[in-house]
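Per-entry structural report
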Amino acid sequence: MAVTINDVAKLSGVSKRTVSRVINRSPSVGEATRERVLKIIHDLNFSPDKQARGLASSRSYLLGLIYDNPDALYIDQVQRGALDVCSELGYELVVHPCQSKAIDFIADCLSFISRSKLDGVIILPPVSENKALAAAICQAGCHYIRLASVDLDDHQNTVVCDERSAMKEMATHLVSLGHKDIGFISGPHYFKSSMERMEGFVSALEECGVNISSNRIIEGRNSYESGIVCAEQLLSGPVKPTAIVANNDEMAAGALRVAHNLKLSVPDQLSVAGFDDNILASRIIPSLTTICRPVENMASLAVQKLINMSQSDDSMPLKLTKAITPVLICRESTGKRTEN
């Protein structure tokens, strides 16, 4: 016979309501009571029925993930981080790839939220930069968290990654290696994250006394193919940069391909660096110097904030407001500048 919440309540010496509060991690339950109930739940191997749980609490225990990002490795990292917390707290994750340039983009996202009866939704960049979408979701009465590179919203609605400071660290690293002629492959300029990274990099170079000319900055599309095109342009002249930094690892990999085609030794003749530290960065040859953006941690933090918001409990303040700080990972693709 299946174990019920009544069995847990009886053996714990508490009401069903208290057991429900323990299951839902309500802060209104005393620690001693919580531990006693959790022990009974563990001993009985009790697993609450999600549908009944949702009916009792007016919540679906479903969270959504909205994205329009071609980087499958990034999406995988986000899902891993989100699912770690969802599985621990009894939530499910529903994903929704969208077309952010479609005419019915916002209506499509609202339809996804409505038909899935979501308790909250995580919005990934670059879609997270869309103010109209955030406003529409808020108007629909759904909780949301935006992952972003800058403060786009109230702290409770965002998880921010300080990408500008990270690119400053990258610039300082290359200058310390003696590089003065540096090329930069940016992401699309209409994305705030692209501008944050580019401006952080360029301003740090200027602080170090290194000026980067406009013809050394090429706008890419954040794809491997565009990295190839941009790197070919940067390396086509008689005087070549001694280092190239790309807005992401995909384009940096494209730059490595061009260096190989031109028989340029990396890092002896050309240093190459990226941003993201996706799984391929440490596996390609040479391994890629990059900025590690702790995507899984960001996604986990986003889920924690969403669940706190969906509890609708004033006694549970949203304290999870700190910015995430990326770190520089130095590998084989960058080295000291050699004299030509």
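Everything in this summary refers to the structure shown in the same document. (Residues numbered from 1 in each chain as written. Predicted model: local features only at pLDDT ≥ 70, side-chain atom pairs only at ≥ 80, totals over all residues. Heavy atoms only, no water.)

1. A short note on unusual backbone geometry
With omega at 5°, the peptide bond leading from Pro 125 into Pro 126 counts as cis. Relative to the helices and strands, Pro 126 resides in the loop between β3 (120-123) and α7 (131-139). Even without being a glycine, Lys 117 presents a positive backbone phi close to 55°. Residue placement: Lys 117 occurs in the loop between α6 (105-116) and β3. (Helix = DSSP H or I, 4+ residues; strand = E, 2+ residues; numbered from the N terminus.)

2. Observations regarding the side chain of Glu 129
The topology assignment puts Glu 129 in the loop between β3 and α7. Of the side chains with opposite charge, Lys 192 lies nearest to the buried Glu 129, which makes no salt bridge, at 6.1 Å. Filtering out sequence-adjacent residues up to four positions away, Glu 129 remains in contact with Arg 146, Leu 152, Tyr 190, Phe 191, Lys 192 and Ser 193. (Buried < 20%, exposed > 50% of the residue type's maximum accessible area, 1.4 Å probe, protein only. Lys, Arg positive; Asp, Glu negative; His and termini not counted. Salt bridge = Lys/Arg side-chain N within 4 Å of Asp/Glu carboxyl O. Contact = heavy atoms within 4.5 Å.)

3. Things to note about the packing of aromatic side chains
Using the criterion set out here, one finds 3 aromatic pairs in the structure. Between the aromatic rings of Tyr 61 and Tyr 91, the centroid separation amounts to 5.0 Å while the plane-to-plane angle is 55°, which identifies the pairing as tilted. Here the residue Tyr 61 occupies a position in the loop between α4 (50-57) and β1 (62-67), and Tyr 91 occupies one in the loop between α5 (72-89) and β2 (92-97), the gap between them amounting to 30 residues. Residue classification places Tyr 61 among the buried residues on the basis of a relative accessible area of 1%. One residue, Arg 197, lies across the ring of Phe 275, its end atom 3.8 Å from the ring centre. (Phe/Tyr/Trp six-rings, centres within 6.5 Å; stacked < 30°, edge-to-face > 60°. Lys NZ or Arg CZ within 6 Å of the ring centre and 35° of its normal.)

4. Concerning the sheet that holds strand β6 (residues 182-186)
Pairing within the open sheet is parallel, and its 4 strands lie in the order β7-β6-β8-β9. Single-partner strands in this sheet number two, and they are β7 (217-219) and β9 (271-273). This sheet shows a mean twist of 15° between the axes of neighbouring strands, independent of strand direction. Where helix α10 (residues 224-234) meets the sheet, it contacts β6, β7 and β8 (243-246), and its direction lies at approximately 155° from that of β6. (Pairing = 2+ DSSP bridges. Axes fitted to C-alpha atoms, helices over the stretch in contact; angles between N-to-C directions.)

5. Side note on the environment of Gly 141
By secondary structure assignment, the location of Gly 141 is in the loop between α7 and β4 (143-148). Relative accessible area serves as the criterion here: at 64%, Gly 141 is assigned to the exposed category. The spacing of Gly 141 and Gly 120 is 21 residues in sequence and 9.4 Å in space, taken between C-alpha atoms.

6. Section: the environment of Gly 90
With respect to the helices, strands and loops of the structure, Gly 90 is situated in the loop between α5 and β2. Using a relative accessible area of 17% as the deciding quantity, one classes Gly 90 as buried. Here the alpha-carbon distance between Gly 90 and Leu 63, two residues 27 residues apart in the chain, equals 11 Å.

Any functional reading would require information that these geometric values do not contain.
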